[in-house]
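Fold and geometry: a report
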Amino acid sequence: MEGWHWYRPGISREEKILVFKLDLSILLFGCLSTFTKTLDNQALTNAYVTGMQEDIGLTGNDLNYLTAVYYSSYLSFMIPASFMLTRLPISRILPTMEILWGISTFGCAWVHNLKQLYVCRFFLGATETVAFTGVIYVIGSWYKRDELGTRMALFQISAPLGSMISGYLQTAAYSHLNGRHGIEGWRWLFIICFCITFPCALIGYACFPNQPNNTRPSWWLKQSEIELANKRLEEEGIMKIEKKINWRALTRVLRGWPWYCFVFAWCLYDQNQFWGTTPFSLYLKASDRHYTVSQINNYPTVGKAIAIILTVIGSYYSDKTGDRFSPTLLGATLVASGSIILVVWNVSEGARFYAFFIDGAETAMSTFLMSWASDVVKHDSEARSIITASMNCIGQVFLAWVPIFTFNVTKAPKFTVGFIFSMVTGILHVVLACFIQVLDVRRKRKEKRRVLLIDAGHSNDADVIDMDNQESSSSTRDKN
């Protein structure tokens, strides 16, 4: 395990036991929570193409409107949820919201019209708001920086895994439960999702911790282990992030390039990872090749498998080398190639399948982008918090409404506007990754020069910044 950098080399037995317990308590609940959320979200698309559309009379662009309601609710409750996370015990809030999420999912099994489904989707968005940010916050509160990469990779792959399992569950539900007790197969999928979600909440109540500085001893974590956890973070130099809004920090972050580049990159990521999911399922359902229900639900899972493989390999490589650029560029290039094939359209069915499958590479990039953004501002905890939160929030804002126009359900199987849009955003993502790399290399050179100058006798950063400015002015005069 040390060879794979799961445990740091030379770690003491006591610290290894602590990290092992943290892995079981934080990652077990966090991964299961993300898994169930993605499972339940993907269930809507799987149910739609497996009978729900006809049974409750969905027409036109209703599927995209349902997605928009979900994200609108998610974003509307983001600020109240953040307020709740900072003032109430996370160890109770997250499992409670997990139960409410499960109940909302269970409600989807009994809807009979579009209005009822809108209500369920609204509550699903509201109850998911705290899940991702809450787990990310707790992971960042307990682990050292050189432990975060592998944990974040494991946490991130639980999302595509949930999408994969949803397809297989819908196939099984349709094949074996359709009509059982007078209940349609797509309704059984939501019932099964609820049955999986509920035990996850119980695990959270049992062992999910708060932050190290306000966690009390329990049957799972002893007082000595909590003290060791706080000592580890002090040694790492990780300070507690300020809960109240710091306007000076905000203006400082908005004056730098990382906020703009990484937020834009995340917006592109959110758009590019969409067309390999719902549009692919709609393509299969509307195709004149008459794919079976099993094929419609199972084929999209291939892209999720690609996402899992690339996430694991890319995260291990980037953690070992510190190179976030190469896996990001590779993923963006693969996705751009897929979108170009779909724009051309008049290709073999195998080429189209490749194009839809390879979009899974985009899902893997969430880990690389978040890690890259954290690396760039690793010495500024406030900047790291603001940038990563902005990436998630602003990306979701655009994901809530853009697909309504780009991937109109009625245009299946050929989403001409959506494919052209994806090609443009895919190419933009490649260009932006290269641009960020150039800026990051310049940043590293400046940091290295700063360290060398300080070692040479300059006692503070102000002197170094002064010299940087003088060097910049001198360079400008030379050019003139």
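Residues numbered from 1 in each chain as written. Predicted model: local features only at pLDDT ≥ 70, side-chain atom pairs only at ≥ 80, totals over all residues. Heavy atoms only, no water.

**Description of the overall build of the protein chain**
When helices and strands are counted, the protein chain shows 19 helices and zero strands. Among the 480 residues that make up the protein chain, the fraction classed as buried is 51%. For the protein chain, contacts bridging at least 24 residues in sequence account for 78% of all contacts bridging at least 6. Carbon and sulfur atoms make up 63% of the accessible area of the protein chain, which totals about 21900 Å². (Helix = DSSP H or I, 4+ residues; strand = E, 2+ residues; numbered from the N terminus. Buried < 20%, exposed > 50% of the residue type's maximum accessible area, 1.4 Å probe, protein only. Contact = heavy atoms within 4.5 Å. Areas by Shrake-Rupley, 256 points an atom, 1.4 Å probe, with all protein chains shown as cover.)

**Some points on the pattern of salt bridges**
Scanning all chains against the criterion turns up 12 salt bridges. For the salt bridge of E98 with K37, the shortest nitrogen-to-oxygen distance reads 2.4 Å. Here the residue E98 occupies a position in helix α4 (residues 90–108), and K37 occupies one in helix α1 (residues 13–56), the gap between them amounting to 61 residues. With respect to class, E98 is no different from K37; both count as buried. (Salt bridge = Lys/Arg side-chain N within 4 Å of Asp/Glu carboxyl O.)

**Observations concerning the side chain of D359**
Tracing the backbone shows D359 in the loop between α15 (349–358) and α16 (360–376). Lacking a salt bridge, the buried D359 has K304 as its closest oppositely charged neighbour, with an N-O distance of 6.5 Å. If sequence neighbours within four positions are ignored, D359 has contacts with N272, Q273, F274, W275, G276 and V335. (Lys, Arg positive; Asp, Glu negative; His and termini not counted.)

**Overview of the packing of aromatic side chains**
Any pair of aromatic rings gets described here by the distance separating the centres and the angle formed by the planes. All chains considered together, the criterion is met by 32 aromatic pairs. Here F77 and F122 contribute two aromatic rings whose centre-to-centre distance is 5.9 Å and whose plane-to-plane angle is 70°, an arrangement assigned as edge-to-face. With F77 in the loop between α2 (62–76) and α3 (78–87) and F122 in helix α5 (residues 114–142), the pair connects residues that are 45 residues apart, well separated along the chain. Overall, the relative accessible area of 34% leaves F122 in the partly exposed class. (Phe/Tyr/Trp six-rings, centres within 6.5 Å; stacked < 30°, edge-to-face > 60°.)

**Concerning the nonpolar core**
Formed by 52 residues in total, the largest nonpolar core has its most connected members in Y48, M52, L117 and F190. Here this core gets nine residues from one element, more than from any other, and that element is α1. Sequence-distant contacts of M52, defined by excluding residues within four places in its chain, comprise L44, A47, G57, L58, L117, W186 and F190. Counting residues in hydrophobic clusters, the runner-up holds 29 residues, among them I90, L94, F208 and I226. (Core = buried A, V, L, I, M, F, W, Y, C linked by side-chain atoms within 4.5 Å.)

**A short note on unusual backbone geometry**
The step from A412 to P413 runs through a cis peptide bond, and the omega angle for that step is 10°. Mapped onto the fold, P413 is located in the loop between α17 (381–406) and α18 (416–455). In this structure, H181 is a non-glycine residue whose phi angle is positive, near 55°. Position of H181 relative to the elements: it lies in the loop between α6 (145–176) and α7 (185–207). H181 gets classed as exposed once you look at its relative accessible area, which sits at 68%. If you check the backbone angles, W345 has positive phi at about 70° while not being a glycine. Note that W345 resides in the loop between α14 (325–344) and α15. Overall, the relative accessible area of 9% leaves W345 in the buried class.

**Some details on the packing of α15 against α16**
Viewed as axis vectors pointing N to C, α15 and α16 meet at an angle of 15°, and their least axial separation amounts to 4 Å. With respect to their mutual orientation, α15 and α16 come out roughly parallel. On the side of α15, the interface is formed by F356, F357 and I358, while α16 contributes G360, A361 and E362. Residues belonging to the contact of α15 with α16 are distributed by class as follows: four nonpolar, one polar and one charged. (Axes fitted to C-alpha atoms, helices over the stretch in contact; angles between N-to-C directions. Parallel < 35°, antiparallel > 145°, perpendicular 65-115°, else oblique. Nonpolar A, V, L, I, M, F, W, Y, C, P; charged D, E, K, R; others polar.)

**What to know about the packing of helix α13 (residues 301–321) against α16**
The relative placement of two packed helices is expressed as an angle between their axes plus a distance between the axes. Here α13 crosses α16 at 35°, and the two axes come no closer than 7 Å. Here α13 and α16 pass one another in a crossing that is right-handed. Seen from α13, the contacting residues are G303, K304, I306, A307, L310, T311, G314 and S315; seen from α16, they are G360, A361, T363, A364, T367 and F368. By residue class, the composition of the contact of α13 with α16 is six nonpolar, seven polar and one charged. (Left-handed = near helix turned anticlockwise from the far one by under 90°.)

**Some points on the side chain of T45**
Here T45 lies in helix α1. Apart from residues no more than four positions distant in its own chain, T45 is found in contact with T278 and S281.

**Some remarks on the environment of K411**
Locating K411 in the fold gives a position in the loop between α17 and α18. A C-alpha to C-alpha distance of 9.5 Å links K411 and A286, two positions 125 residues apart in sequence.

**Considering a nonpolar patch on the surface**
A contiguous nonpolar surface patch, about 380 Å² in accessible area, is contributed by F264, V343, I420, V424 and L428. If you tally residues by element for the nonpolar patch, the top one is α18, at three residues. Take L428: it is sitting in helix α18. Judged by its relative accessible area of 36%, L428 falls in the partly exposed class. (Patch = residues over 30% accessible without salt bridge, like charges linked within 9 Å, V, L, I, M, F, W, Y side chains within 5 Å.)

**Regarding the confidence of the model for the protein chain**
The predicted model of the protein chain averages 84 in pLDDT, with 89% of residues at 70 or higher. Mean pLDDT values over the elements of the protein chain span from 44, in helix α19 (residues 461–479), up to 96, in α15. This stretch, residues 461–480, has a pLDDT under 50; its non-local contacts, to residues over four places away or in other chains, come to 13 contacts. (pLDDT = per-residue confidence, 0-100.)

**As for the state of the cysteines**
For the structure on display, the rule yields zero disulfides. Lacking any disulfide linkage, C267 is separated from the closest cysteine sulfur, that of C393, by 9.7 Å. (Disulfide = S-S within 2.5 Å.)

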